Number of protein chains: 2
Amino acid sequence: MEFKEAKNKFVQTWGALGSQWGINKTMAQIHALLMVSKEPLSMEDIMEELQISRGNASMNIRALMDWGIVYKEFKQGERKEFFTAEKDLDELAIKIAKERSKREIKPALKVLKEVSTGVEEKSTEAKYFAEQTDKLYEFVLKTDNIIEKATEYKDNWLTKLLMKMMK
Amino acid sequence: MEFKEAKNKFVQTWGALGSQWGINKTMAQIHALLMVSKEPLSMEDIMEELQISRGNASMNIRALMDWGIVYKEFKQGERKEFFTAEKDLDELAIKIAKERSKREIKPALKVLKEVSTGVEEKSTEAKYFAEQTDKLYEFVLKTDNIIEKATEYKDNWLTKLLMKMMK
DNA sequence: TTAAACTTTCAAAAATAATTGAAAGTTTAT
DNA sequence: ATAAACTTTCAATTATTTTTGAAAGTTTAA
C-alpha cells in the first residue's frame, strides 16, 4: 500500500467514525490528519490535504481547540499559525470524556432530576414515570461518576481507579 | 409540573441526547417513550404520542429491535403488535456497547491494523504514520477489550471485572 | 499609518439525513 | 379464497447540517 493511500484511508475512516459518534466529519478528519503528522500543519496544509475551504478549516480547527485536543503552534520566522494534535492517547480520551460529560451528560442529568421529582400527579402512570426516570438518573449519574473518577488519573487510569475503589 | 409536560420534556431531551451520539432522534424518542410506559405501546400509540408518520415509526421501531433493546409483544385478542423497551439498564448498556463495538469499533480496528502495517515506504513521514496508527490501534483495541470484558457480566459488572483483573 | 499576510465570520448554497405517505406486502379470520 | 387489519417499503419531499467563499476583521512589519 502506498503511504498516501494509507493516510487517506485512515483519514476517511476516522472521519466516518466521527460522524457515527456525533462529531462533524471534517473535524474528525482534521484531527486524524494532525495525529499522523510529525510536523505541525498550517491551515493551508490542511485545506490542501483535505480539499476543503478556508472557512471550513478555520471553524473546525477552532472547534478542535475548544475541545482542547488540538494546539496552536508558532514557527520561527513564519507568520502563519500551525497546528498539532494532542498525541497522548490517554490525555485525548480524558479530554473527550470530560468535554462530553460537561456538554451533554450533565445537562441531561439535570433534566432527568427535574422530571423524576417534579410531577405531583399520583396516577399509576405518573408514578411509573417517576420511578423509571429516577432509575435512569441514578444510572447515568453512576456512569458519569465512573468517567469522572477515571479521568482523575492520567496514566494507567484503570488500574489506579481499581486501587482506589478497592481500598 | 404536569405529567404530560414532564414526559414530553424527557422524550425531547432523550431524543436530543441521541442525536449528539449519532442516533436518529426519533429512534431515541421512541425508546424514551417506551422506557417510561408501563404498558406496551402499539405503533398507533407511538405515532400519536410523537406525532410521526407510520413509515417513520415502523422503520425506527425496527431499528430498535435490531439493536435488541425493544421487543415485540402480543396482547390477548389484539391483532396488532405492541412494543416494550428493555428496562434493565445494565442490560441496555451492554446491548448498546456490544452493538456499537460490532458495527463501528471492530471495522475501524481492521482498517487501523491494515494501514499501520501495510505501508512499505521507509521515509520519516511514513514511519511516523505507522507508529501513530499502531499506537491508535493498540489503544482502541485495549478500550474495546475492556468493554467486551465488562459486558460479559450482567450484574454489577464493574466489581466483577475488577475481580477478574485482580486475580 | 499603510498595506500585506493571514484568520474569522456568516449568509447562501450544497450535501446529507430524516420523514412522509401511499402502494405493496403480509397475516389472520371467516 | 377473500377481505379486513395491519406492517413494510421506498421514491419523493422536507428538514437539518455542513460547506463554501467573499467580505470583514486582525496582526505584523516597515
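If you look chain A up in an unreviewed UniProt entry, it shows as HTH-type transcriptional regulator from Flavobacterium beibuense. Quoted verbatim from the Sequence similarities (unreviewed entry) field of the UniProt record, the comment on chain A reads "Belongs to the GbsR family."

Residues and elements named next belong to chain B. The sheet built from 3 strands is open, its strands ordered β1-β3-β2 with antiparallel pairing. The two strands at the open ends of the sheet, each matched to only one other strand, are β1 (41-42) and β2 (70-74). Bridging between β2 and strand β3 (residues 81-85) involves 5 bridges; their strand directions are antiparallel. The residue bridging Tyr 71 from the neighbouring strand is Thr 84, located in β3.

Surrounding DNA strand C, one finds 17 residues, the nearest of these being Ser 58 and Arg 79 of chain A together with Thr 26, Ser 53 and Asn 56 of chain B. Close to the protein, within 4 Å, the atoms of DNA strand C are drawn from sugar and phosphate at a rate of 59%. In this structure, Arg 79 of chain A approaches DNA strand C through a side-chain N or O atom, which is 3.4 Å from a base nitrogen. Between DNA strand C and Ser 53 of chain B, the relevant distance is 2.7 Å, taken from a phosphate oxygen to a main-chain nitrogen or oxygen of the residue. Contributions of two or more residues to the surface near DNA strand C are made by α4 (54-66) of chain A together with α4 (54-66) of chain B. Per-class residue counts for the surface near DNA strand C are 3 nonpolar, 8 polar and 6 charged.

Another aspect to go through is the protein's contact with DNA strand D. As a structural note, the neighbourhood of DNA strand D is formed by 17 residues, with Thr 26, Ser 53 and Asn 56 of chain A together with Ser 58 and Arg 79 of chain B the closest of them. For DNA strand D, the backbone portion of the atoms within 4 Å of the protein, that is sugar and phosphate, comes to 60%. A distance of 3.1 Å separates a phosphate oxygen of DNA strand D from a polar atom in the side chain of Ser 58 of chain B. In the model, a phosphate oxygen of DNA strand D is placed 3.3 Å from a nitrogen or oxygen of the Glu 81 of chain B main chain. For the surface near DNA strand D, the secondary-structure elements that each account for two or more residues are α4 of chain A together with α4 of chain B. Among the elements that make up the surface near DNA strand D, the one with the highest residue count is α4 of chain B (5 residues). Here the surface near DNA strand D is composed, by residue class, of 3 nonpolar, 8 polar and 6 charged.

Before going further, it helps to spend a moment on the pattern of salt bridges. Considering all chains together, one arrives at 20 salt bridges over all chains under this definition. Residue Glu 44 of chain B pairs with Arg 54 of chain B through a salt bridge whose shortest N-O separation is 2.7 Å. One end of the pair, Glu 44 of chain B, is in helix α3 (residues 43-50); the other, Arg 54 of chain B, is in helix α4, with 10 residues separating them in the sequence. Classification of Glu 44 of chain B as partly exposed rests on a relative accessible area of 37%. One network of salt bridges, with partners in common, ties together Lys 9 of chain A together with Lys 110 and Glu 114 of chain B.

Calculation notes
Residues numbered from 1 in each chain as written. Chains lettered and ligands numbered in written order. Predicted model: local features only at pLDDT ≥ 70, side-chain atom pairs only at ≥ 80, totals over all residues. Heavy atoms only, no water. UniProt positions renumbered as here; feature names shortened; annotations may be inferred. Pairing = 2+ DSSP bridges. Helix = DSSP H or I, 4+ residues; strand = E, 2+ residues; numbered from the N terminus. Near = heavy atom within 4 Å. Polar contact = N/O pair within 3.5 Å; in protein donor to acceptor, adjacent residues only side chain to side chain. Nonpolar A, V, L, I, M, F, W, Y, C, P; charged D, E, K, R; others polar. Salt bridge = Lys/Arg side-chain N within 4 Å of Asp/Glu carboxyl O. Buried < 20%, exposed > 50% of the residue type's maximum accessible area, 1.4 Å probe, protein only.

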